[in-house]
Amino acid sequence: MSAWNERLEKLLEAERAQLPPWLVVGLGTGIAAWFALGVREEWAAVICLGAALFVTGLVTGGGRAGRALGLFGLAMALGCGLVWARADWVAAPRMAKPAVVSLAGRVELVERLVARGTVRLTLITSDPALPHRVRVSIDAGKAPADLAAGSEVQVRARLAPPPPMALPGSYDFARDAWFWQIGAVGKALGPVTVVNARAPTGLDLVRQRLGDHVRTSLPSDQAGIAIALVTGDQNSVSESDATAMRSSGLTHLLSVSGLHIAAVVAAAMFLSLKLLAMSERLALRFNLVLVSAGVAAAAGIGYTLLTGAQVPTVRSCVAALLILLGIALGRDAINLRLVAAGALVVLLFRPEALAGPSFQMSFGSVTAIIALHSTGWARRLFERREEGPIHRLLRTIAAIVLTGLAVEFALMPMALFHFQRSGLYGVGANIIAIPLTTFAIMPLEAGALLLDVFGLGRPLWWLTGLSLKVLLTLARSVAALPGAVAMLPSMPPWAFGLMILGFLWLCLWTTRLRLLGLVPFAMGAIGAWGAPSPDVLVTGDGKHLVVVEDGRPLLLRDAAGDYVRQLFAQASGFDGDPANLGSTPSTACTRDSCTALIRKGTSEWRLLATRSSTRMDWQALTGACAGADIVVSDRRLPRGCGTRWLRLDKTALGATGGIAIYLGRHPRVDTVAERIEGHPWHY
């Protein structure tokens with residue numbers, strides 16, 4: 001046993017300074033495997049595989065490669081076990097079926113969704129027959145003025161279990177609700193009665209007052225961006241502005257992360273150092289750099305807490321603290337181990353964050369930047385040297401452009417996988433937007449808030465509004481350019497996984513071996529680009545359906561809302577508003593049903609879909625079913641309704657959830673149930 005312990009100690013000692021990034025990658029691999037696989041036996045197999053790799057690396061003594069493999073396997077096993085245990089630990093009661101209830105509870109969180117005109121409440125209920133935590137939406141005009149966290153309220157609402165992803169590959173709210181311990185969601189059917197009002201306290205009070213103050217100081221569109229920067233609350237940003245920021249590649253500016261933390265920490269350290277240096281006594285008696293680093297650390301932690309301690313903010317705060325520690329110790333702390341430490345902190349406490357775009361895009365962008373600047377040719381190109389102002393300016397612009405390209409290269413697969421869209425002109429927009437936000441908008445807003453204490457902030461608010469207007473004009477202009485957005489139908493998970501593997505290989509290796517990462521990245525990109533577009537998409541309730549014809553989705557129901565239209569457009573990889581199914585020559589629609597002829601290559605498929613609750617003649621219905629290849633309905637169809645291939649009625653869709661149908665020589669279906677099968681939030 002002592003020999004094993006000695007070998008283990010040598011293993012850890014040899015890799016302590018060499019392998020932290022790959023250790024975190026191993027941890028993330030285990031977590032990702034748990035989300036990707038849906039059977040408990042498969043999760044156990046991942047843990048056993050990781051343990052086997054660890055033992056293999058430990059006993060073979062295969063040098064650095066063997067040790068790396070062993071530690072990677074150990075981290076993978078720990079990651080899978082960690083998220084598995086976390087999912088069991090946070091298990092909370094959920095509603096089994098929709099119901100209209102009268103509920104009473106304590107308000108845990110108030111979210112004012114200005115763009116949607118609603119207020120969203122997270123309630124801790126007092127009724128043992130209901131889930132412990134529920135989320136209820138109410139119209140903004142009906143929200144009581146004294147509604148705040150801590151208040152006790154009563155409301156009548158229609159509640160339902162947290163909905164899973166509406167279509168294969170779309171956002172899975174049920175997954176997030178499981179880890180948030182939300183057991184039901186719904187909408188208020190009447191007024192909300194505040195039984196025991198509580199005024200906001202602590203950071204909630206600070207956030208509310210800051211938000212209200214900013215709203216009174218700036219126009220509504222500019223105030224939404226300003227509130228997001230100072231409190232982290234993006235709910236005040238209008239839908240049109242949020243779309244413009246996303247299409248122009250500037251949406252990262254709305255999420256408080258590295259850029260914002262760096263600005264706050266740098267400003268705090270610079271100002272404190274300059275102010276303290278004005279005292280000769282302090283300058284001679286104390287290490288002012290160390291003191292200023294402490295002030296900057298406090299500012300960074302305070303800003304992180306103020307903005308809600310979201311995943312990108314926590315990661316950036318940890319990174320900033322490590323940089324400050326390196327400065328205090330006289331060492332360079334800006335490297336990939338810094339990113340690994342931040343990721344490790346997040347994953348140990350919230351392993352489920354790995355599945356979300358926020359974690360992936362935040363860490364992906366920072367990793368790409370550090371990896372680029374760590375290469376020999378980049379250091380030679382970007383390093384300062386004795387040269388004229390024109391050459392210095394050109395070198396700075398080249399560094400900004402290449403850094404922007406690296407970030408776009410890193411984030412494009414993630415944006416296409418999660419949102420089916422990615423901005424193509426983000427590099428150019430960010431060259432203007434990042435300096436504008438860092439050196440104008442944030443300092444002006446902070447100065448305006450500070451001067452408002454003395455009633456002198458109006459001039460700075462005017463300048464802040466002007467800067468925000470420039471930012472919004474830039475976002476809207478770039479988003480309106482032809483080809484500003486690249487759209488792609490739902491990407492196969494395996495293709496996304498290969499691209500992430502290739503990206504990490506490119507970033508974490510420092511020798512020419514890093515170029516091998518281009519192989520899996522290219523394979524994944526080809527797989528994503530060549531993935532077929534779905535021909536038919538159906539939501540889990542059977543009420544909404546589109547037929548994708550020449551890349552454009554055609555909606556079954558004309559009265560579908562904005563959410564449904566956006567959902568189908570995104571899943572189809574279409575940048576625009578879906579058209580009507582009944583408007584095409586190959587479709588015949590009545591008030592109660594539609595029949596469509598779908599041509600795929602040399603094959604033809606007949607689709608029958610109902611779109612009303614009116615009782616239909618049995619003989620006519622069964623005759624129509626017999627002549628159709630696919631039948632879709634939000635009602636239970638009689639047994640006599642037999643089709644030539646696929647029947648999707650209320651019963652079948654209740655088991656499968658949303659469906660994507662791919663026609664052709666080898667027709668197949670992709671279901672939501674297959675994507676989430678085996679996980680605890682599976683319906």
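What counts, and where the lines are drawn
- Residues numbered from 1 in each chain as written.
- Predicted model: local features only at pLDDT ≥ 70, side-chain atom pairs only at ≥ 80, totals over all residues.
- Heavy atoms only, no water.
- Patch = residues over 30% accessible without salt bridge, like charges linked within 9 Å, V, L, I, M, F, W, Y side chains within 5 Å.
- Areas by Shrake-Rupley, 256 points an atom, 1.4 Å probe, with all protein chains shown as cover.
- Salt bridge = Lys/Arg side-chain N within 4 Å of Asp/Glu carboxyl O.
- Helix = DSSP H or I, 4+ residues; strand = E, 2+ residues; numbered from the N terminus.
- Buried < 20%, exposed > 50% of the residue type's maximum accessible area, 1.4 Å probe, protein only.
- Pairing = 2+ DSSP bridges.
- Axes fitted to C-alpha atoms, helices over the stretch in contact; angles between N-to-C directions.
- Parallel < 35°, antiparallel > 145°, perpendicular 65-115°, else oblique.
- Left-handed = near helix turned anticlockwise from the far one by under 90°.
- Contact = heavy atoms within 4.5 Å.
- Nonpolar A, V, L, I, M, F, W, Y, C, P; charged D, E, K, R; others polar.
- Core = buried A, V, L, I, M, F, W, Y, C linked by side-chain atoms within 4.5 Å.
- Disulfide = S-S within 2.5 Å.
- Phe/Tyr/Trp six-rings, centres within 6.5 Å; stacked < 30°, edge-to-face > 60°.

Before going further, it helps to spend a moment on a nonpolar patch on the surface. There is a patch of nonpolar side chains on the surface, built from Leu 203, Val 206, Ile 301, Leu 305 and Leu 321 and spanning about 370 Å² of accessible area. Contributing elements (two or more residues each) for the nonpolar patch: helix H6 (202–217) and helix H11 (288–306). Structurally, Val 206 is set in helix H6.

Right, let's talk about the pairing of strand E5 (residues 184–188) for a bit. Extensive coverage of E5 is indicated by the burial of four of its five residues. Here strand E4 (residues 152–160) pairs with E5 via four bridges, running antiparallel. When the sheet's bridge partners are listed, Arg 158 is paired in E5 with Lys 187.

With that settled, the discussion passes to the packing of helix H13 (residues 336–349) against helix H14 (residues 357–374). Closest axis-to-axis distance for the H13/H14 pair is 9 Å, and the angle between their directions is 165°. When the interaxial angle is binned, H13 and H14 end up roughly antiparallel. The two elements H13 and H14 cross, and the hand of that crossing is left-handed. Together, Leu 336, Val 339, Gly 342, Ala 343, Val 346 and Leu 347 of H13 and Phe 359, Phe 363, Val 366, Thr 367 and Ile 370 of H14 make up the contact between the two elements. Split into classes, the residues belonging to the contact of H13 with H14 amount to nine nonpolar, two polar and no charged.

Another aspect to go through is the packing of H14 against helix H16 (residues 389–419). At a minimum axis distance of 9 Å, the contact between H14 and H16 shows a crossing angle of 155°. Classed by the angle they form, the pair H14 and H16 counts as roughly antiparallel. The element H14 and its partner H16 pack so that their crossing is right-handed. Contacts between H14 and H16 involve Pro 357, Gln 360, Met 361, Gly 364, Ser 365, Ala 368, Ile 369, Leu 372 and His 373 from the former and Leu 402, Thr 403, Ala 406, Val 407, Ala 410, Leu 411, Met 414, Ala 415, His 418 and Phe 419 from the latter. Here the contact of H14 with H16 is composed, by residue class, of 13 nonpolar, six polar and no charged.

The next subject is the nonpolar core. Proteins that are soluble and globular tend to have nonpolar side chains buried together. Counting 45 residues, the largest nonpolar core has Val 214, Leu 218, Ile 225, Met 245, Leu 250, Leu 324 and Leu 471 as the members making the most contacts within it. Those elements giving two or more residues to this core turn out to be H6, helix H7 (220–231), helix H8 (239–247), helix H9 (258–276), H11, helix H12 (311–328), helix H17 (426–451) and helix H18 (458–479). In terms of residue count, the dominant contributor to this core is H17 (nine residues). Excluding residues within four positions of it along the chain, Met 245 makes contact with Leu 250, Thr 251, Leu 253, Leu 254, Leu 471 and Ala 475. Counting residues in hydrophobic clusters, the runner-up holds 38 residues, among them Trp 22, Ala 33, Cys 80 and Val 90.

Here the structure, examined in full by the defined rule, presents 18 salt bridges. With a shortest N-O distance of 3.1 Å, Glu 352 and Arg 86 are connected by a salt bridge. With a gap of 266 residues between them, Glu 352 in the loop between H13 and H14 and Arg 86 in helix H4 (residues 63–89) connect regions that are remote in the sequence. Owing to a relative accessible area of 11%, Glu 352 belongs among the buried residues under this scheme. By relative accessible area, which is 22% here, Arg 86 ends up partly exposed. Among the salt bridges present, the one from Asp 634 reaches Arg 557, with a minimum N-O distance of 3.3 Å. In this pair, Asp 634 is assigned in the loop between strand E16 (630–632) and strand E17 (646–648) and Arg 557 in the loop between strand E11 (552–555) and helix H21 (562–572), connecting sequence segments 77 residues apart. Classification of Arg 557 as buried rests on a relative accessible area of 19%. Among the ionic contacts, a cluster of salt bridges with common partners joins Arg 86, Arg 350 and Glu 352.

As a further point, take the state of the cysteines. As enumerated under the stated definition, the model contains two disulfides in all. Disulfide pairing is shown between Cys 589 and Cys 594; the S-S distance is 1.9 Å. Judged by the sign of its S-S torsion, about 115°, the cystine formed by Cys 589 and Cys 594 is right-handed. Residue pairing for Cys 625: its cysteine sulfur links by disulfide to Cys 641, the two sulfurs lying 1.8 Å apart. On the sign convention where negative is left-handed, the bridge of Cys 625 and Cys 641, at about -75° about the S-S bond, is left-handed. Of this pair, Cys 625 sits in helix H22 (residues 618–626) while Cys 641 sits in the loop between E16 and E17, placing them 16 residues apart in sequence. Given a relative accessible area of 1%, Cys 641 falls into the buried group. Ordinal numbering of bonded cysteines along the chain defines a disulfide pattern of 1-2, 3-4. With no disulfide partner, Cys 48 has as its closest neighbouring cysteine sulfur the one in Cys 80, 9.8 Å distant.

Time to look at the packing of aromatic side chains. Two descriptors summarise a pair of aromatic rings, namely the distance from one centre to the other and the angle between the planes of the rings. This structure, assessed with the given rule, holds 15 aromatic pairs. Between Phe 359 and Phe 363, the ring centres sit 4.5 Å apart and the planes meet at 40°, which makes this aromatic pair tilted. Remark: Phe 363 and Phe 359 occur in helix H14; sequence separation between them is four residues, near one turn of the helix. Grouping residues by exposure puts Phe 359 and Phe 363 together as buried. Every member of this aromatic cluster is reached through a ring pair, and the members are Trp 34, Phe 35, Trp 43, Trp 84, Phe 179 and Trp 681.

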